[in-house]
There are 2 protein chains.
Amino acid sequence: MTKKPPQRPATLADIARHAGVSRSLASLAIRGEGAVSPETRKRIMEAAAALDYRPNLVARSLASAEAGYLGIVVGEIENPLQAEIAKLASGLARAEGYSALVSIDADTDEKAEEAIRTLIAHRVSGVLAIGAPFEKPAIARVASWIPMVYVGRLLKVVAVDSVTTDDVTGGILAVDHLVALGHRRIAHVDGGASPGAERRRDGYRRAMERHGLERQIRIIEGAYTIDAGARAARALLAEPDWRPSAVFASNDMTAIGLINEAMRIGLSVPGDLSVVGYDDVTLAGTETLSLSTIHQSAGDLASAGIAAMMARLAEPDAAVSKILVPPRLMTRRSSAPFSATAAA
Amino acid sequence: MTKKPPQRPATLADIARHAGVSRSLASLAIRGEGAVSPETRKRIMEAAAALDYRPNLVARSLASAEAGYLGIVVGEIENPLQAEIAKLASGLARAEGYSALVSIDADTDEKAEEAIRTLIAHRVSGVLAIGAPFEKPAIARVASWIPMVYVGRLLKVVAVDSVTTDDVTGGILAVDHLVALGHRRIAHVDGGASPGAERRRDGYRRAMERHGLERQIRIIEGAYTIDAGARAARALLAEPDWRPSAVFASNDMTAIGLINEAMRIGLSVPGDLSVVGYDDVTLAGTETLSLSTIHQSAGDLASAGIAAMMARLAEPDAAVSKILVPPRLMTRRSSAPFSATAAA
DNA sequence: TTGAAAGCGTTACCAG
DNA sequence: CTGGTAACGCTTTCAA
């Protein structure tokens, strides 16, 4: 049998009456503010406990000047990286004294804008946008309504604070790693127009050049999906005259598709082909897959995002900041030293 | 340059003054309630538009008897199924006239309880719990505070409304499919004590018996992870005297690990081994993996959850309901007809 | 059809 | 230290 919740939740007035004091005094005592004599404070706290008092947060935020809410809008909550960032961010917001109002179904620009309107109607102090809205005009428009920090994409042209992984460095890290292992024929399966893809590609190109391998640059168009990776593998491994000994994929899913297809073709990974992915999804870390990859830190992205938000709130007119969070190379078993015998 | 938001958001009083009417009338007009003459309504709406008025939802919910909030608590937001359910549920809640207050970092029972306390402090009418709290005592305690519907687990002993996939049927579906393909030696890699695992196992056992295959029942202990699947594959394929031609895995991740390991060992899937998973994660549907599996419908779970919530809210004393959502078999390429030649 | 006034549960200000 | 009293911005009677 489900116990029925008490008919009417106790209010401050109830506990004030119960303790024989005024509402204001009860309010102070409960929040631990001001100077209340230990004697009366004790009485008030007991009354509160007796009546199972829980402050009505709605009333509180209406009454207090600063509502103390922070909005978090997530574009693709089914994307584990975004989910993780949002989760950590809401914890960090709480630690900063804000409570997070989270909107998780902003999967189109219209819905994102509507979600943000609603958050504004709740008088949030700012909005942390994670992966949404998607289009730049929408981002700019929304940012004109309320202080906003965008996590997940580098907003070069739009004047909005943004936090993202330093993907150029990520690309460089991947190539450097493979070169250090002795590879020279290193191909890149890119992510087309997906967020970050361009910069990962730049990192790849730049690193290859720095290592004097500009002649070995091969870029296959891909996407952030398993199937795109498999397709890329077929394209790549079909080239008769130039067979890579290593591939840097722009995304873990792409890498997984690639590996799968390579294995189907009969190649061994990393025996015949070393592969490095990007993102470090949970899957990548499993013993079974053990995919070398570039780790994006949800924790760093979340805390940089919240920090940027706090800065913006404290100083609304400060210069727009573009924060780059450093990625990290995770060395696992899908990449191994180049062996001459393996090369075709 | 980020445009600064207007100093003070317009209030109802502002637009009333602007339109030369009383606040009450403005309120009615804006909500489209009551009978307001078209003439004045027009004037009021224009004033609202001119001042870019947005009702303060905090004030509104304080003033109106029913706050109109629904709490949604998610245990593992990085789990795409839970994320999807939560996302759809928040849309459905809106459609029912509630706005969803979502808590995504309830990953321990303590945090879940705290999150629900906070939701209650916001005067939500009820809480939709998705995968959290985890332990039964915590679930029961929380449900004694506020109307709650639990999605993702069948709560047999706890008297709380629950919605979950009919996992017994799911298990049966998987076995029936494999039997129809001609398989007889069908093993099951279970999910240990994970949610749903017991019932999927029951379904497997029951279906095997119904098909007269009780002698072929083999259950390997597993878990909902890739690595567990790989381990199970090693255990299973090592048995010299009894080599299955098909495996029903309790979870897609388990299935993927299993397939991966089988391929490594040199078996072909589905040539030598047919595999059926459970959940239908995005990965399963990719061309590359093409995993036959039992689909859990996030949409059905979400709408059953919201429906149960509405029912509970409408009739607080109704009998506790245990809703089972039917699963669906997805036939893909990881399962194929039994071929005698392939059997060891 | 319209307006005045009384809340909703807090916090905040200001005397005592 | 303590207790009125006025907001906060809206909804909701209840009269007019």
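Cut-offs and rules
Residues numbered from 1 in each chain as written. Chains lettered and ligands numbered in written order. Predicted model: local features only at pLDDT ≥ 70, side-chain atom pairs only at ≥ 80, totals over all residues. Heavy atoms only, no water. Near = heavy atom within 4 Å. Polar contact = N/O pair within 3.5 Å; in protein donor to acceptor, adjacent residues only side chain to side chain. Helix = DSSP H or I, 4+ residues; strand = E, 2+ residues; numbered from the N terminus. Nonpolar A, V, L, I, M, F, W, Y, C, P; charged D, E, K, R; others polar. Pairing = 2+ DSSP bridges. Axes fitted to C-alpha atoms, helices over the stretch in contact; angles between N-to-C directions. Contact = heavy atoms within 4.5 Å. Salt bridge = Lys/Arg side-chain N within 4 Å of Asp/Glu carboxyl O. Buried < 20%, exposed > 50% of the residue type's maximum accessible area, 1.4 Å probe, protein only. Buried area = accessible area lost by both parts, 1.4 Å probe.

- Named according to an unreviewed UniProt entry, chain A is DNA-binding LacI/PurR family transcriptional regulator originating from Kaistia hirudinis.

### Quick look at the protein's contact with DNA strand C
Right, on to step 1. Taken together, 25 residues are adjacent to DNA strand C, and Leu12(A), Arg23(A), Ser27(A), Arg60(A) and Ala35(B) come closest.
Right, on to step 2. Here DNA strand C approaches the protein such that, of its atoms within 4 Å, sugar and phosphate make up 64%.
Right, on to step 3. Taking Ser27(A), its side chain carries an N or O atom lying 2.4 Å from a phosphate oxygen of DNA strand C.
Right, on to step 4. Contacts to DNA strand C include Asn56(A), whose backbone N or O atom sits 3.1 Å from a phosphate oxygen.
Right, on to step 5. Here the surface near DNA strand C takes 4 residues from helix α2 (residues 23-31) of chain A, the largest share from any one element.
Right, on to step 6. Of the residues belonging to the surface near DNA strand C, the class tally is 11 nonpolar, 9 polar and 5 charged.

### A look at the sheet that holds strand β9 (residues 274-279) of chain A
Adjacent strands of a sheet pair through backbone hydrogen bonds, lying either parallel or antiparallel.
Residue and element names in this part refer to chain A.
Right, on to step 1. The 6 strands are arranged β7-β6-β8-β9-β10-β12 in an open sheet whose pairing can be described as mixed. Either end of the sheet is taken by a strand with one partner, and the two such strands are β7 (218-220) and β12 (328-330). Sheet twist, expressed as the mean angle between neighbouring strand axes with direction ignored, is 20°.
Right, on to step 2. Where β9 and strand β10 (residues 292-295) come together, 4 bridges link them in parallel fashion. Within β10, the residue paired with Val276 across the bridge is Ser292.
Right, on to step 3. The strands touched by helix α9 (residues 197-210) are β6 (186-189), β7, β8 (246-249) and β9; relative to β6, the strand with the most contacts, the crossing angle is about 165°.
Right, on to step 4. Against the sheet, helix α11 (residues 252-265) makes contact with β6, β8, β9 and β10, and its axis sits at roughly 155° relative to β9, the strand it touches most.

### Let's talk about the sheet that holds strand β7 (residues 218-220) of chain B
Residue and element names in this part refer to chain B.
Right, on to step 1. Spatial strand order, β7-β6-β8-β9-β10-β12: 6 strands in an open sheet with mixed pairing. Both outer strands of the open sheet, β7 and β12 (328-330), are each paired with one neighbouring strand and no more. Across the sheet, the axes of successive neighbouring strands diverge by a mean angle of 20°, strand direction being ignored.
Right, on to step 2. Looking at chain direction, strand β6 (residues 186-189) and β7 are connected through 3 bridges and run parallel. Bridging from a neighbouring strand, Val189 pairs with Ile220 of β7.
Right, on to step 3. Against the sheet, helix α11 (residues 252-265) touches β6, β8 (246-249), β9 (274-279) and β10 (292-295), its axis set at about 155° to β9.

### Description of the protein's contact with DNA strand D
All names here are of chain B.
Right, on to step 1. If you check the shell around DNA strand D, you find 24 residues, and the closest are Leu12, Arg23, Ser27, Tyr53 and Arg60.
Right, on to step 2. What you see for DNA strand D is that sugar and phosphate hold 66% of its atoms within 4 Å of the protein.
Right, on to step 3. One of the backbone N or O atoms of Leu12 is found 2.4 Å from a phosphate oxygen in DNA strand D.
Right, on to step 4. Between Asn56 and DNA strand D, the recorded distance is 3.2 Å, taken from a backbone N or O atom to a phosphate oxygen.
Right, on to step 5. Top element by residues in the surface near DNA strand D is helix α2 (residues 23-31). It accounts for 4 residues.

### So, the pattern of salt bridges
Residue and element names in this part refer to chain A.
Right, on to step 1. Per the counting criterion, the structure on display carries 35 salt bridges over all chains.
Right, on to step 2. Between Arg201 and Asp190 there is a salt bridge, and its shortest N-O distance comes to 2.6 Å. Of this pair, Arg201 sits in helix α9 while Asp190 sits in the loop between β6 and α9, and the two are 11 residues apart along the sequence.
Right, on to step 3. Asp190 sits in the buried class, given a relative accessible area of 5%.

### Concerning the interface of chain B and chain A
Right, on to step 1. The interface is formed by 56 residues belonging to chain B together with 56 residues belonging to chain A.
Right, on to step 2. Approximately 5200 Å² of surface area, both sides summed, lies buried where chain B meets chain A, with 59% of it carried by carbon and sulfur atoms.
Right, on to step 3. Looking only at chain B, the three residues that lose the most surface to chain A are Lys87(B), Arg123(B) and Thr288(B), adding up to 13% of its buried area.
Right, on to step 4. Viewed at the interface, chain A and chain B are joined by 6 salt bridges.
Right, on to step 5. The salt bridge partner of Arg94(B) is Asp105(A), with a shortest N-O separation of 2.6 Å.
Right, on to step 6. At the boundary of chain B with chain A, the tally comes to 18 residue pairs in polar contact (both at pLDDT 80 or more).
Right, on to step 7. Mapped onto the side of chain B that touches chain A, the elements with two or more residues apiece are α4 (57-63), α5 (80-95), α6 (109-121), α10 (226-238) and α11 of chain B.
Right, on to step 8. Top element by residues in the side of chain B that touches chain A is α5(B). It accounts for 8 residues.
Right, on to step 9. Of the residues in the side of chain B that touches chain A, the class split is 27 nonpolar, 13 polar and 16 charged.

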